[in-house]
2 protein chains.
Amino acid sequence: MIIDRLYEEVEKKGIVCVGLDTHLDYIPKKLKDEYQDVDRIMFEFNKRIIDNTLDIVPIYKLQIAYYEAYGIKGLMAYKRTLEYIKSAGSLSIGDIKRGDISSTAEMYGKAHFEGDFEADFITLNPYMGFDTITPYLKYLERRDKGIFVLLRTSNPGAKDIQYLKAGPQSNYIYYHIGDRLKELGQNYIGSCGYSLIGAVVGGTHIDEGEEIRNKYKNMFFLIPGYGRQGGKGKDVVIYLNKRNGGIVNSSRGIITSYKKYEDGDKNFEKYARLAVLDMREDILNGERI
Amino acid sequence: MIIDRLYEEVEKKGIVCVGLDTHLDYIPKKLKDEYQDVDRIMFEFNKRIIDNTLDIVPIYKLQIAYYEAYGIKGLMAYKRTLEYIKSAGSLSIGDIKRGDISSTAEMYGKAHFEGDFEADFITLNPYMGFDTITPYLKYLERRDKGIFVLLRTSNPGAKDIQYLKAGPQSNYIYYHIGDRLKELGQNYIGSCGYSLIGAVVGGTHIDEGEEIRNKYKNMFFLIPGYGRQGGKGKDVVIYLNKRNGGIVNSSRGIITSYKKYEDGDKNFEKYARLAVLDMREDILNGERI
């Protein structure tokens, strides 16, 4: 089961998920001069970071918006990067946050679990309801794909809907979603104890962190918000369940870390590696608190 | 302002929005035999439907999932169809339902309002909060782009989140969103009386239809759910504000209508036109009730 494979990778390599949010502005001039085409430039940048972090990173997350922004060429880089990650023996998350129903959701499934843009995991947006989730279950049945559903994010706007209290028990909206995901996820629990149905849980609020972690013990968390978005090691560690129950994503904090160094342009992949190691240590230190 | 242009088109051509949900299974075998490449097949199918409905359709909606499913080739057809709609002097909606924040949302803006996939309007998902909407306002400032935000959909799952009651006044979640959209939309009202910030409102519930229409008088509605999804003329007419305050989308009901006819394969574009005319009449009849 793919969640067991992810769990094992995390045990071996740590909890840092590298976000390949590959904006052209993030790419060193030197590399941009080396190649002509946008798709080649984006792919080469990603490839070198992957090559230099493969032994310390369990999974890579591609935010598809960055590739869509560069149109057909950008999506060719997206496709090629996913293929490269697979051929290198690693795992991928297509951070697509799609949220549509019935036949439309089926088409997204075809696109991101079978087609040109095939990833091991994808992220989903549940706003339209649980019929945005069920069309993907047929892939989960095959045990080789998993999903991360947006549960509670850490952006300021999260209060607009997710943090509203609703229903007879006046529960946060995100608990309404979480409880259903938990139930649905019971059918897909791997030997590691986690389900193929995971959740995206923001990393900058400690307050309810323990509660949400305890409530959903079988849910593997994708935790964004580390680094540039304000999260710190001690903020995210609470979600990890003290047994590698999640991965912590950092994107710009890793892929643009080279910009702080004089020789960064020439050695961006080296500094990406350093940033992963730093982050891993920061989180391990957080765990000791 | 683009909303004024849409309003005028609706006045001239009626309220039927054709949804180009172009699945390969929906395309006549004859056309598939004629061309080799998937992108060419999809584009030709779309082009012929557009050519045959241009005078009775104010705007075309492309559900991007259908194109993503066919990968790079599919997205080439998506791009080319949007370009063709523009060159034909008509309007387009990129039905992308993206819902992400800050720099990621900016990248989606770049992709779908500037880049290869430029459309006149796009659909957005507000689940992560209003910081999923604000990054697009810079395009609205220029007056030549508009958005439709998911407000209340008509799928069964809509009850899972949208129909929950929340907050001190125990209002439906969709009213929490609608009230904020209304406020935000005040800055972008065209001479037609409608805002560049519109909403997606499902067409199969009459009950609260009148309430939602009265509450948001300046909001132009994109109304899906007609035809295959169960909506009827009398169900959708309530949302139109008796002054063309919305467009009603039908996808399969129009583009696959040829399948009912013996000579459908050869004349699919003719039957698409017929389906638009039928639908327009059904809705006009609904209005007389």
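Everything numeric here is computed off the predicted structure, so don't read it as measured data. (Residues numbered from 1 in each chain as written. Chains lettered and ligands numbered in written order. Predicted model: local features only at pLDDT ≥ 70, side-chain atom pairs only at ≥ 80, totals over all residues. Heavy atoms only, no water.)

Turning next to the nonpolar core. A:Val18, A:Leu20, A:Ile147, B:Val18, B:Leu20 and B:Ile147 are the most contacted members of the largest nonpolar core, which has 214 residues in total. Residues contacting B:Val18, with those up to four places away along its chain left out, are B:Ile49, B:Val57, B:Ile59, B:Tyr60, B:Lys61, B:Asn249, B:Ser250, B:Ile254, B:Ile255 and B:Val276. (Core = buried A, V, L, I, M, F, W, Y, C linked by side-chain atoms within 4.5 Å. Buried < 20%, exposed > 50% of the residue type's maximum accessible area, 1.4 Å probe, protein only. Contact = heavy atoms within 4.5 Å.)

Okay, helix α1 (residues 2–13) of chain B next. All names here are of chain B. Spanning 12 residues, α1 covers 16 Å between terminal C-alpha atoms, matching the ideal 16 Å at 1.5 Å per step. Burial in α1 covers these residues: Ile2, Ile3, Asp4, Leu6, Tyr7, Glu9, Val10 and Lys13. At the C-terminal side of α1, Gly14 shows a positive phi close to 100 degrees. (Helix = DSSP H or I, 4+ residues; strand = E, 2+ residues; numbered from the N terminus. Expected span 1.5 Å × (residues − 1).)

Below, the discussion takes up the relation of the copies chain B and chain A. For the pair chain B and chain A, the relating rotation is 180 degrees, the translation along its axis is 0.0 Å, and the fit reaches an RMSD of 0.0 Å. Between the two chains, the operation in question is that of a two-fold axis. Using C-alpha coordinates, one finds that chain B approaches the rotation axis most closely at B:Ala166, a distance of 2.1 Å. The residues that chain B uses at the interface reappear at the interface of chain A in 100% of cases, marking a shared surface. (Least-squares fit on C-alpha atoms with pLDDT ≥ 70 in both.)

Attention now goes to the side chain of A:Asp4. Residues and elements named next belong to chain A. Along the chain, Asp4 falls in helix α1 (residues 2–13). No salt bridge is formed by the buried Asp4, whose closest oppositely charged neighbour, Arg143, lies at an N-O distance of 8.3 Å. In this structure the side chain of Asp4 is engaged in a polar contact, spanning 2.9 Å, whose partner is the backbone nitrogen of Cys192. (Lys, Arg positive; Asp, Glu negative; His and termini not counted. Salt bridge = Lys/Arg side-chain N within 4 Å of Asp/Glu carboxyl O. Polar contact = N/O pair within 3.5 Å; in protein donor to acceptor, adjacent residues only side chain to side chain.)

This part is about the state of the cysteines. Residues and elements named next belong to chain A. Enumeration according to the criterion identifies zero disulfides over all chains in this entry. A disulfide-free cysteine, Cys17 has its sulfur positioned 16 Å from the sulfur of Cys192, the nearest such atom. Overall, Cys17 belongs to the buried group, its relative accessible area being 0%. (Disulfide = S-S within 2.5 Å.)

Counting residues at the interface gives 55 residues for chain B and 55 residues for chain A. In total, chain B and chain A occlude about 4600 Å² of area from one another, counting both sides; carbon and sulfur atoms represent 61% of this. Looking at the side of chain B facing chain A, the largest losses of area belong to B:Ile72, B:Met107 and B:Tyr127, adding up to 17% of the total buried there. Where chain B meets chain A, there are six salt bridges. In this structure, B:Lys97 engages A:Asp100 in a salt bridge whose closest nitrogen and oxygen atoms are separated by 2.8 Å. At the junction of chain B and chain A, the tally comes to 31 residue pairs in polar contact (both at pLDDT 80 or more). Of all the elements, helix α6 (residues 102–114) of chain B adds the most residues to the side of chain B that touches chain A, at seven residues. (Buried area = accessible area lost by both parts, 1.4 Å probe.)

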